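So you can see what is in the structure, the chains are spelled out below.
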Amino acid sequence: MDFTIPEDTQEIINALKQFIEKVVIPLEEENHDLLYNERNYYLEDGRRHPKVEELRKIVRMESAKAGFYTMLGDKELGGEQLGPITALLVAEAINKFYPNRKLIDQVIIPSPFTNGLTPVLRGLKPSLKEKYLPKIASAEETLCFGLTEPDAGSDVWGIRTKAVRDGDEWVINGTKQWISNAPYANYCMLFAITNPELHAQRKGGISCFFVETKSEGFTVDSVIATMGSLGGDAAIITIDNLRVPHENVIGEVDHGFTKAIHGINNGRLGMSGKCIGSAQWALKKAVEYAQIRKTFGKPIAEHQMIQNMIAECAMDIYAARNMALHCAWKIENSKKTPAKEISMVKAYCTEMVGRVYDKAIQIHGGMGLSNELELEAGYRMARLMRIPDGTSEIHRRTVARSLLKGDLTFS
Ligand SMILES: Cc1cc2nc3c(=O)[nH]c(=O)nc-3n(C[C@H](O)[C@H](O)[C@H](O)COP(=O)(O)OP(=O)(O)OC[C@H]3O[C@@H](n4cnc5c(N)ncnc54)[C@H](O)[C@@H]3O)c2cc1C
């Protein structure tokens with residue numbers, strides 16, 4: 001078995017670090033007060049300040065020029081499609097060296113299936129690909145993924161948004177909730193019921209529409225301020241008699257979920273990589289602090305209970321990292337999607353990062369709670385990770401169902 005990081009991947013990681021150091025960090029430093037004071041970062045209504053959006057756009061577009069923004073994107077759409085092992089290791093590296101930065105995560109590389117050259121867009125008609133993809137690939141324009149609703153999260157079949165055909169158009173009505181990037185996106189991949197009978201049987205009947213967010217009938221009502229922040233990235237959307245041309249159906253009518261599934265695995269693996277990287281950053285900080293902070297006449301690193309916490313973090317990270325790498329290898333090398341393994345990895349890694357941050361804060365004592373050390377920002381990020389892209393419970397459900405159907409393999 002060879003666990004060496006592939007040379008190409010290592011080169012990408014090195015180039016990415018150089019890009020961050022040369023382009024992003026100076027921009028962050030110049031705009032520190034805007035980016036790292038939430039009262040400046042968000043407007044009253046919870047949206048990011050337009051100047052923050054400008055900075056994000058600058059970084060996105062520079063990243064696209066340098067080839068990072070689209071490197072994980074679908075080949076068919078003009079991306080490099082570098083594959084799950086690279087996606088995982090890149091996410092790990094970014095968050096191991098630069099966690100909790102405002103212009104890095106989800107800016108340099110977009111969320112794998114809800115933005116950028118997401119595989120969902122494979123289903124766009126050729127004329128629409130020609131029209132929209134160039135600006136999506138150059139990162140001038142962004143997307144959001146409109147599936148969740150007030151009464152439908154884990155149980156996506158519970159959506160109520162309806163689309164009714166009217167000649168060459170569809171008329172859509174409904175409400176969406178928790179849609180990331182919705183307040184800023186140019187386009188939405190919007191899911192709606194197109195065949196109530198099929199939908200009632202949970203056999204289909206849901207279609208995906210490519211929608212311009214500036215269209216009449218598409219309104220971002222409010223931003224959901226999330227987890228200790230004055231604002232957020234996700235929003236509630238009202239769809240009121242929104243008219244969408246038939247040609248904007250992504251993929252086949254009534255089979256929108258098959259499009260949603262494309263890329264979702266990369267998303268889960270990317271999240272796992274982020275957790276693995278960020279956890280390593282927190283542990284490094286805890287190890288360093290334990291060696292300089294003294295109590296009872298000696299560094300706290302010499303107290304066994306502190307050593308215990310450090311060792312437990314290391315075991316957790318090692319287990320998470322290796323299971324994620326194995327899973328990425330499995331996705332890359334097998335024809336069948338390893339759904340059970342992806343679920344185990346997403347649930348484990350997102351829970352592991354919470355445990356590691358909790359201990360890292362504990363090792364820092366009062367300092368761990370100060371905003372200055374950014375451990376609390378990581379702790380909030382970690383808590384958030386267990387909900388989107390399938391909750392921990394839904395992933396356990398997938399794992400258990402798979403085992404109960406007879407899949408007891410671990411290789
Ligand atoms: C920050 C953030 C960003 C998001 N971005 C997007 C986005 O861009 N686009 C989008 O469409 N959605 C997005 N979502 C929505 C996300 O996918 C849902 O929040 C998630 O699927 C959970 O749904 P819910 O919140 O309705 O919880 P519910 O489904 O109501 O679940 C409530 C609780 O019940 C548990 N539960 C539910 N069913 C079962 C079961 N069968 N067995 C055991 N336990 C169960 C859940 O695990 C949870 O603990 C985002 C969410 C967040 C928090």
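Please read these numbers as outputs of a predicted model, since none were measured by experiment.

Within the chain one finds 14 helices and ten strands. In terms of C-alpha radius of gyration, the chain reaches 22 Å, essentially the compact-globule figure of 22 Å for 411 residues. For the chain, the spread of C-alpha atoms along the principal axes amounts to about 80 × 55 × 40 Å. Counting across all 411 residues of the chain, residues that qualify as buried make up 51%. Summarising the internal contacts of the chain: among those between residues at least 6 apart in sequence, 73% fall at separations of at least 24. Looking at the chain as shown, the accessible area adds up to about 20,000 Å², and 53% of this sits on carbon and sulfur atoms. When the 50 basic and 52 acidic side-chain charges of the chain are each reduced to a single mean position, those positions are 4 Å apart.

Attention now moves to the packing of helix H10 (residues 304-333) against helix H11 (residues 339-364). Between H10 and H11, whose axes approach to 9 Å, the crossing angle comes to 160°. One way to sum up the angle between H10 and H11 is to call them roughly antiparallel. For the pair H10 and H11, the sense of crossing is left-handed. Among the residues forming the contact of H10 with H11, the class breakdown is 19 nonpolar, one polar and six charged.

Here the focus is the pairing of strand E7 (residues 234-245). Where strand E3 (residues 169-180) and E7 come together, nine bridges link them in antiparallel fashion. By the bridge assignment, Ile172 is partnered in E7 with Leu242. The pairing of strand E6 (residues 218-223) with E7 spans five bridges and is classified as antiparallel. Residue pairing across strands places Val223 opposite Ala235, the latter belonging to E7.

Our focus in this paragraph is the packing of aromatic side chains. Here a ring pair, both rings aromatic, is described through the centre-centre distance and the interplanar angle of the planes. Scanning all chains against the criterion turns up twelve aromatic pairs. Geometrically, the ring pair formed by Trp157 and Phe257 is edge-to-face, given 4.9 Å between the ring centres and 80° between the ring planes. Of the two residues, Trp157 is situated in the loop between strand E1 (143-146) and strand E2 (162-166) and Phe257 in helix H8 (residues 256-261); the sequence distance between them amounts to 100 residues. When the ring of Trp281 is compared with that of Tyr357, the centres are 6.4 Å apart and the planes differ by 35°; the resulting orientation is tilted. Pair noted here: Trp281 is in helix H9 (residues 264-292) and Tyr357 is in helix H11, with a separation of 76 residues, a long-range link.

Let us look at the domain arrangement of the chain. Assigned domains within the chain: domain 1 (7-112), domain 2 (143-255) and domain 3 (263-404). When each unit is reduced to the centre of its C-alpha atoms, the spacing between domain 2 and domain 3 is 32 Å. With five residues of domain 2 at the contact, the number on the domain 3 side is five residues. When the two sides are added together, the surface that domain 2 and domain 3 hide from each other amounts to roughly 390 Å², 71% of it contributed by carbon and sulfur. The largest share of the area that domain 2 buries against domain 3 comes from Ser154, Thr226 and Met227, three residues that together contribute 82% of it. At the junction of domain 2 and domain 3, the tally comes to two residue pairs in polar contact (both at pLDDT 80 or more). Broken down by class, the residue content of the side of domain 2 that touches domain 3 amounts to one nonpolar, four polar and no charged.

This next bit is on the site of the ligand. Lining the immediate environment of the ligand, one finds 15 residues, of which Thr148, Ser154, Trp178, Thr391 and Glu393 sit closest. Ser154 places a side-chain nitrogen or oxygen 2.6 Å from an oxygen atom of the ligand. In this structure, Thr391 approaches the ligand through a side-chain N or O atom, which is 2.6 Å from an oxygen atom. In the complex, 63% of the free accessible area of the ligand, which totals 970 Å², lies under the protein chains. Of all the secondary structure elements, the ones that give two or more residues to the shell around the ligand are E3 and helix H14 (392-404).

A few words now on the side chain of Glu149. In this structure, Glu149 sits in the loop between E1 and E2. The class of Glu149 is buried, set by a relative accessible area of 5%. Discounting chain neighbours no more than four positions away, the residues touching Glu149 are Ile159, Arg160, Thr161, Thr175, Lys176 and Gln177.

Criteria and thresholds
Residues numbered from 1 in each chain as written. Predicted model: local features only at pLDDT ≥ 70, side-chain atom pairs only at ≥ 80, totals over all residues. Heavy atoms only, no water. Helix = DSSP H or I, 4+ residues; strand = E, 2+ residues; numbered from the N terminus. Rg over C-alpha atoms; globule rule 2.2 N^0.38 Å. Buried < 20%, exposed > 50% of the residue type's maximum accessible area, 1.4 Å probe, protein only. Contact = heavy atoms within 4.5 Å. Areas by Shrake-Rupley, 256 points an atom, 1.4 Å probe, with all protein chains shown as cover. Lys, Arg positive; Asp, Glu negative; His and termini not counted. Charge placed at Lys NZ, Arg CZ, Asp CG, Glu CD. Axes fitted to C-alpha atoms, helices over the stretch in contact; angles between N-to-C directions. Parallel < 35°, antiparallel > 145°, perpendicular 65-115°, else oblique. Left-handed = near helix turned anticlockwise from the far one by under 90°. Nonpolar A, V, L, I, M, F, W, Y, C, P; charged D, E, K, R; others polar. Pairing = 2+ DSSP bridges. Phe/Tyr/Trp six-rings, centres within 6.5 Å; stacked < 30°, edge-to-face > 60°. Domains from an automatic or database assignment. Buried area = accessible area lost by both parts, 1.4 Å probe. Polar contact = N/O pair within 3.5 Å; in protein donor to acceptor, adjacent residues only side chain to side chain. Near = heavy atom within 4 Å.

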